Amino acid sequence: MKNSLSLRDIPVWDLPVRLIHWAQLIAIVAAWITSGTTNSVHEYVGYSAGVLVLIRLFWGGIGNRYARFSQFLKPVPATLQYLRQVIHSKAPRYIGHNPLGGWMMLALLSCVGLLVLTGWAMGTDLLWGYAWPVRVHVAIAWSMVGLIALHVLGAIYTGWQHRENLVKAMLTGNKAAPEPGDVD
């Protein structure tokens, strides 16, 4: 595996990125588990997830090189080109997020943000008691489940393709140093 601990490892995912990533996972699982309850735990967990999104958006502007949205959000044509490379098993290794990973991150953050907004809106006087906000909230939640599945499958496939332990990288913050052909 490329990501075995060595002198050639470089820091990629800083502590705030890693903490936000794993805390968001915990919040999403907790929100899912508490979704059928009538107590306010689900709401508190949802608002916590929303705060994590806001912190990540802030950190995406000022964080380290690999935390910044400007580093990994690629234009659509470049992302489609990368997708073609993935399909043909010729995708280059990226040190930070690859183009699909960057857009996935944005999609997941957007879903969490929309879940927080629709969850909040359901409790307002204007929308209290209507069924459609609940249906929208649930549809977004199921969309997020699909995105999470794609995220995990993408990480597994990319890790396998490049012989790299991406879960370990998200735990330690380190990845193997760039080699010829890698995209930094």
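Heads up: the structure comes first, above all this text.
What comes next concerns the included structure. Fair warning: this is a prediction, and the values are worked out from it, not measured in the lab.

1. Some points on the packing of aromatic side chains
Evaluation of the coordinates by the stated rule reveals four aromatic pairs. Here the aromatic rings of Y82 and Y94 are separated by 5.5 Å at their centres, their planes lie at 85 degrees, and the arrangement is edge-to-face. Here Y82 is found in helix α4 (residues 76-87), whereas its partner Y94 is found in the loop between α4 and α5 (99-122), with 12 residues between them in sequence. Residue Y82 is classed as buried on the basis of its relative accessible area, which comes to 2%. Taking relative accessible area as the criterion, Y94 reaches 14% and is therefore assigned buried. Ring centres of Y157 and W160 lie 5.7 Å apart, and the angle between their planes is 45 degrees; this geometry places the pair in the tilted category. You can see Y157 and its partner W160 sitting in helix α6 (residues 131-161), three residues apart, about one turn around the helix. Note that R56 overlies the ring of F69, its terminal NZ or CZ placed 5.3 Å from the centroid.

2. A closer look at unusual backbone geometry
For residues besides glycine, phi is generally negative; the peptide bonds are generally trans as well. Positive phi outside glycine occurs at S89, with the angle close to 55 degrees. Mapped onto the fold, S89 is located in the loop between α4 and α5. Taking relative accessible area as the criterion, S89 reaches 49% and is therefore assigned partly exposed.

3. Section: the packing of α4 against α5
Closest axis-to-axis distance for the α4/α5 pair is 8 Å, and the angle between their directions is 120 degrees. Classed by the angle they form, the pair α4 and α5 counts as oblique. On α5, the residues touching T79, Y82, L83 and V86 of α4 are P99, L100 and W103. A class-by-class count of the residues in the contact of α4 with α5 yields six nonpolar, one polar and no charged.

4. Regarding the packing of helix α1 (residues 15-33) against α6
As a packed pair, α1 and α6 sit with axes 12 Å apart at the nearest point and diverge in direction by 135 degrees. With respect to α6, the element α1 is oriented oblique. The interaxial crossing formed by α1 with α6 has left-handed handedness. Taking contact as the criterion, the partners of H21, I28 and W32 in α1 are, on α6, A141, W142, M144, V145, I148 and H151.

5. Let's talk about the pattern of salt bridges
Taken as a whole and assessed by the stated rule, the structure comprises four salt bridges. Between E164 and R93 there is a salt bridge, with the nearest N and O atoms lying 2.6 Å from each other. One end of the pair, E164, is in the loop between α6 and α7 (166-172); the other, R93, is in the loop between α4 and α5, with 71 residues separating them in the sequence. We classify E164 as buried; its relative accessible area is 3%. Note that E164 is salt-bridged to K175, the shortest N-O span being 3.7 Å. Of this pair, E164 sits in the loop between α6 and α7 while K175 sits in strand β2 (residues 174-176), and the two are 11 residues apart along the sequence. Given the relative accessible area of 2%, K175 is considered buried.

6. Some points on the environment of G96
You can see G96 is positioned in the loop between α4 and α5. Through-space distance from the C-alpha of G96 to that of A155 is 12 Å; in sequence the pair is 59 residues apart. Once residues within four sequence positions are removed from consideration, G96 is found in contact with V12, W13, Y66, Q71 and K175.

7. Some thoughts on the nonpolar core
For soluble globular proteins, nonpolar side chains are generally found buried alongside one another. Core analysis: the largest hydrophobic core is formed by 20 residues, its most contacted members being V112 and M144. Looking at this core, the elements with two or more residues in it are α1, α2 (41-62), α3 (69-72), α5 and α6. Top element by residues in this core is α5. It accounts for eight residues. Other than its neighbours up to four places away in sequence, M144 contacts I28, L108, C111, V112 and L115. Judged by nonpolar contacts, the second largest core, of eight residues, contains V12, W13, V17 and I95.

What counts, and where the lines are drawn
- Residues numbered from 1 in each chain as written.
- Predicted model: local features only at pLDDT ≥ 70, side-chain atom pairs only at ≥ 80, totals over all residues.
- Heavy atoms only, no water.
- Phe/Tyr/Trp six-rings, centres within 6.5 Å; stacked < 30°, edge-to-face > 60°.
- Helix = DSSP H or I, 4+ residues; strand = E, 2+ residues; numbered from the N terminus.
- Buried < 20%, exposed > 50% of the residue type's maximum accessible area, 1.4 Å probe, protein only.
- Lys NZ or Arg CZ within 6 Å of the ring centre and 35° of its normal.
- Axes fitted to C-alpha atoms, helices over the stretch in contact; angles between N-to-C directions.
- Parallel < 35°, antiparallel > 145°, perpendicular 65-115°, else oblique.
- Contact = heavy atoms within 4.5 Å.
- Nonpolar A, V, L, I, M, F, W, Y, C, P; charged D, E, K, R; others polar.
- Left-handed = near helix turned anticlockwise from the far one by under 90°.
- Salt bridge = Lys/Arg side-chain N within 4 Å of Asp/Glu carboxyl O.
- Core = buried A, V, L, I, M, F, W, Y, C linked by side-chain atoms within 4.5 Å.

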